[in-house]
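Descriptive analysis of the structure
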Amino acid sequence: MSVDADADFDLGACLERVRARDQEAARQLVEHLHPLVIRIVRGHLPRRVLEEDLTQEVFMKMFTRLEQYQGSVPFPHWVSRIAVTTCIDHLRAQKRRPEFRWADLSETEAEVLDNVLSDTSAADAGDALAARELVTKLLDQLKPEDRLVIQLLDLEQKTLVEIRELTGWNTTLIKVRAFRARRKLKKLFEQLKQKERS
Amino acid sequence: MSTNPPEWSRLVSLARRAPRETRDEAAPYGFATRVAALALGGRAPWMDASLFSRYGLRALGVSCVLAAACAAATFKPVITAIENEAAALSETPEEVVDTIDAGSA
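Residues numbered from 1 in each chain as written. Chains lettered and ligands numbered in written order. Predicted model: local features only at pLDDT ≥ 70, side-chain atom pairs only at ≥ 80, totals over all residues.

This part takes up the interface of chain B and chain A. With 29 residues of chain B at the interface, the matching set in chain A holds 38 residues. Elements supplying a minimum of two residues to the side of chain B that touches chain A: α1 (6–15) and α2 (31–40) of chain B. When residues in the side of chain B that touches chain A are grouped by element, the largest group, eight residues, is from α2 of chain B. Here the residues of the side of chain B that touches chain A are counted per class, giving 19 nonpolar, four polar and six charged. (Contact = placed C-beta atoms within 7 Å. Helix = DSSP H or I, 4+ residues; strand = E, 2+ residues; numbered from the N terminus. Nonpolar A, V, L, I, M, F, W, Y, C, P; charged D, E, K, R; others polar.)

Right, let's talk about the nonpolar core for a bit. One finds Val-30, Ala-83 and Val-149 of chain A together with Leu-11 of chain B to be the most contacted residues of the largest nonpolar core, which totals 49 residues. It is helix α2 (residues 23–43) of chain A that contributes the most residues to this core, eight residues altogether. Each of domain 1 (1–96) and domain 2 (98–198) of chain A gives at least three residues to this core. Not counting chain neighbours up to four residues away, the residues in contact with Leu-11 of chain B comprise Val-116, Ala-131, Leu-134 and Val-135 of chain A. (Core = buried A, V, L, I, M, F, W, Y, C linked by C-beta atoms within 7 Å. Buried ≥ 20, exposed ≤ 12 C-beta atoms within 10 Å, placed from the backbone. Domains from an automatic or database assignment.)

All names here are of chain A. Here the phi dihedral of Arg-21 falls at roughly 60°; this positive angle occurs in a residue that is not glycine. Along the chain, Arg-21 falls in the loop between α1 (11–19) and α2. We note that Gln-157 has phi near 50°; this positive angle belongs to a residue other than glycine. Within the fold, Gln-157 resides in the loop between α7 (144–155) and α8 (160–167). With 10 C-beta atoms counted inside 10 Å, the residue Gln-157 sits in the exposed group.

Spelled out as structure tokens, the structure:
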């Protein structure tokens, strides 16, 4: 069952039943929203945190704060904001971000990075997977909020409006965070080029 | 909005070509039941925590007021009892006086 596909699911009625402390309705609500939450959690999962634990935490927060939901935004947006802030809290709790070093890269990753730095195109599927790994490692160097914005913008190609709906942040804040992330990435690439030369 | 560093743009466009995740997005078996039971059923740890945070400080305040009231109510009898005890101790019992006299003779 997915949020997009399941049009028959009566969310309003289900929420009413959950508010009346109907456990069966709560179970249905969790099943209905699970695909939405798991996508966010998988996309922003901190190291050493189990996706099931984080998903459960998101749902527990959702039930705890259910009385605060006023209906000003669609319920799935409201839940996705809880998921996003929960992931950011966990990413922030990691405090120390692992240093990005050439020595820690696999052979393919190093090759892809080399190509990217020297403007040669790399193309096969293995390179794409290595590139995705590299992107994750580079994103780990950013602040959690900046990381989330740049990941949604550049990797998932979401629009500012979509990010605003997903996070609840205003457009200016999203732009500031994207700017900060890009500045940091630029600095990182400069450092990597220098290290490569040395 | 500022533009991406070219290296990042190249890397990210390559990363987007990686095959999409095919993992199941449905809730694992029993997950929804467990979460629903935790949230609406028995007492979850987060509920205890919120009860403690809600009533903990209030209970501390009430217990302080009660302790002060008890001390105020029992202050006079306690002081009187201590004074009586002190007075009784200051009087030397007759048996002791007799013993001392017998010793000196």
